[in-house]
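Here's the letter readout for the chains.
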Amino acid sequence: MNTRQLIKNLIDDVRRYKWVAKKTDENLRYLYTELEQKNHKLRNLALTDSLTGLFNYHYLKNQAEVEFERSMRGESPLSAFMIDI
């Protein structure tokens, strides 16, 4: 194999590797987007009641912590009102 043919083969290999890298990157972007969508759906399922679609206890607990911390940070009073149906 002469030098010219060797260089041509190397250039072809580089082009092939670039193509594979591009396709792999596209696939990873697609899979990442799909994973984000499924995680969002899973988060919603974990925080809502499947029958009513209303927020559940876990959501209430998380939000209560967030609001309590906000109240402490701002040194403002915090009120809560709950109804059990």
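Residues numbered from 1 in each chain as written. Predicted model: local features only at pLDDT ≥ 70, side-chain atom pairs only at ≥ 80, totals over all residues. Heavy atoms only, no water.

1. Let's talk about the overall build of the protein
Reasoning step 1: Tallying secondary structure elements over the protein gives two helices and zero strands in all.
Reasoning step 2: Per element, the accessible surface of the protein, about 8,500 Å² overall, is 60% carbon and sulfur.
Reasoning step 3: The positive charge centre, built from 14 side chains, and the negative charge centre, built from 12, are 15 Å apart in the protein. (Helix = DSSP H or I, 4+ residues; strand = E, 2+ residues; numbered from the N terminus. Areas by Shrake-Rupley, 256 points an atom, 1.4 Å probe, with all protein chains shown as cover. Lys, Arg positive; Asp, Glu negative; His and termini not counted. Charge placed at Lys NZ, Arg CZ, Asp CG, Glu CD.)

2. Regarding the layout of surface pockets
Reasoning step 1: In this structure, the largest pocket spans a volume of roughly 320 Å³.
Reasoning step 2: In this structure, the second largest pocket occupies an estimated 230 Å³ of space.
Reasoning step 3: Leu60, Gln63, Ala64, Glu67, Phe68, Leu78, Ser79, Ala80, Phe81 and Met82 are the residues that line the second largest pocket.
Reasoning step 4: Class assignment of the residues belonging to the lining of the second largest pocket gives a composition of seven nonpolar, two polar and one charged. (1 Å grid on protein atoms, 1.4 Å probe; cavity = no way out; pocket = protein on both sides within 12 Å on 5 of 7 lines; lining within 4 Å. Points joined across faces, edges and corners; volume = space filled by probe spheres on them. Nonpolar A, V, L, I, M, F, W, Y, C, P; charged D, E, K, R; others polar.)

3. Brief notes about the packing of aromatic side chains
Reasoning step 1: One pass over the structure, following the stated rule, counts one aromatic pair.
Reasoning step 2: Ring centres of Phe55 and Tyr59 lie 3.7 Å apart, and the angle between their planes is 10°; on these two criteria the pair is classed as stacked.
Reasoning step 3: Take Phe55: its relative accessible area is 54%, and that puts it in the exposed class.
Reasoning step 4: On the accessibility criterion, Tyr59 (25% relative accessible area) is partly exposed. (Phe/Tyr/Trp six-rings, centres within 6.5 Å; stacked < 30°, edge-to-face > 60°. Buried < 20%, exposed > 50% of the residue type's maximum accessible area, 1.4 Å probe, protein only.)

4. Some remarks on the side chain of Ser71
Reasoning step 1: On the secondary structure map, Ser71 appears in helix H2 (residues 57-74).
Reasoning step 2: Within the structure, Ser71 has its side chain in polar contact with the backbone oxygen of Ser76 (distance 2.4 Å). (Polar contact = N/O pair within 3.5 Å; in protein donor to acceptor, adjacent residues only side chain to side chain.)

5. Considerations on the pattern of salt bridges
Reasoning step 1: For the structure shown, the criterion picks out six salt bridges.
Reasoning step 2: Between Arg15 and Asp12 there is a salt bridge, with its nearest N and O atoms 4.0 Å apart. Of this pair, Arg15 and Asp12 are both found in helix H1 (residues 3-47), three residues apart, which corresponds to roughly one turn of the helix.
Reasoning step 3: Put simply, Lys23 and Glu26 hold a salt bridge, and the shortest N to O gap is 3.5 Å. Here Glu26 and Lys23 lie together in helix H1, a separation of three residues that amounts to about one turn.
Reasoning step 4: Overlapping salt bridges, with partners in common, bring together Lys8, Asp12 and Arg15 in one network. (Salt bridge = Lys/Arg side-chain N within 4 Å of Asp/Glu carboxyl O.)

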